[in-house]
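The chain contents come next:
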Amino acid sequence: MIRLFAGLELPDDVREHVYSLRGGVPNARWVPEEKLHLNLCFIGNVEEPLLFDLSHEFYNIRSPAFNLALTQVGYFATGLQPHHLWVGVSHYQALDALNSKLERITTKYGIQPDRFKFHAHVAIAKLNGTSMDEVQRFIAQNNLFRTREFNVYYFTLFSSHARENGEGKYYRIEGRYPLILP
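Because the structure is predicted, anything quoted here is derived from the model rather than measured. (Residues numbered from 1 in each chain as written. Predicted model: local features only at pLDDT ≥ 70, side-chain atom pairs only at ≥ 80, totals over all residues. Heavy atoms only, no water.)

This part is about the packing of aromatic side chains. Going through the model one piece at a time under the given rule, you end up with nine aromatic pairs. Measuring from ring centre to ring centre gives 5.8 Å for phenylalanine 58 and phenylalanine 155, while their planes differ by 65 degrees; the resulting arrangement is edge-to-face. Of this pair, phenylalanine 58 sits in helix H2 (residues 48-59) while phenylalanine 155 sits in strand E9 (residues 154-162), and the two are 97 residues apart along the sequence. Each member of the pair, phenylalanine 58 together with phenylalanine 155, is buried. A ring pair is formed by phenylalanine 76 and tryptophan 86, whose centres lie 5.8 Å apart and whose planes are at 45 degrees; its orientation type is tilted. Taken together, the residues span a long stretch of sequence, with phenylalanine 76 in strand E5 (residues 70-78) and tryptophan 86 in strand E6 (residues 81-89) at a distance of 10 residues. Accessibility expressed as a relative area gives 7% for tryptophan 86, which makes it buried. Directly above the aromatic system of tyrosine 171 lies the positively charged group of lysine 35, at a separation of 5.0 Å from the ring centroid. (Phe/Tyr/Trp six-rings, centres within 6.5 Å; stacked < 30°, edge-to-face > 60°. Helix = DSSP H or I, 4+ residues; strand = E, 2+ residues; numbered from the N terminus. Buried < 20%, exposed > 50% of the residue type's maximum accessible area, 1.4 Å probe, protein only. Lys NZ or Arg CZ within 6 Å of the ring centre and 35° of its normal.)

Written out as structure tokens, the structure is:
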């Protein structure tokens, strides 16, 4: 079995800018800089032969390249308990369209779509017991956050693997799939 997801890699300077947001939130586990990405479609655990079928299908996706900036900070919560901090995006329509194409393909192979409606974002921290007041304070301090605009010419298929020493996971790039240039 291999654990897969499709996403966007971030340019180094954009990733560093997002990483600079870390800190100042109690009980937050910040995403390591090298793991910051924009998730387009979580696929989950699949048999390895399916990796090759999906990869072939992803090469056939026809979607235009676009520009993107990361902007604003927000959070996901269950009820009144926040559990993740994120950075949002400009031009989410292009990401919504790409997510729809990916989900159409994965559904064809029996993979259930994510139970949550797609919301384009970069997860920056997982929260455990952080109060809503603390989250609101972080958002107020960073509400003008914005990265430079960057070009998105491809999307990436990642696999997630446990480290042998048991200290977390790492991502491996399984393929990059070009978008249509204007």
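Next up on the list: the side chain of lysine 35. Looking at the element boundaries, lysine 35 is found in the loop between strand E2 (28-30) and strand E3 (37-46). Summary of buried charges: lysine 35 has no salt-bridge partner, and the nearest side chain of opposite charge, glutamate 34, is 6.8 Å away. Side-chain polar atoms of lysine 35 contact the backbone oxygen of lysine 169, separated by 3.4 Å. (Lys, Arg positive; Asp, Glu negative; His and termini not counted. Salt bridge = Lys/Arg side-chain N within 4 Å of Asp/Glu carboxyl O. Polar contact = N/O pair within 3.5 Å; in protein donor to acceptor, adjacent residues only side chain to side chain.)

An ideal rise of 1.5 Å per residue puts 16 Å on 12 residues; H2 measures up with 18 Å between its terminal C-alpha atoms. Within the sequence span of H2, burial applies to Leu50, Leu51, Leu54, Ser55, Glu57 and Phe58. Along the long axis of H2, the arc covered by the buried residues comes to 165 degrees, so they all point the same way. Among the exposed residues of H2, those pointing more than 90 degrees away from its buried face are Pro49, Phe52 and His56. At its buried positions, H2 is contacted by strand E1 (2-9), E3, helix H3 (92-108), E9 and strand E10 (169-178). (Expected span 1.5 Å × (residues − 1). Arc of directions from axis to C-beta. Contact = heavy atoms within 4.5 Å.)

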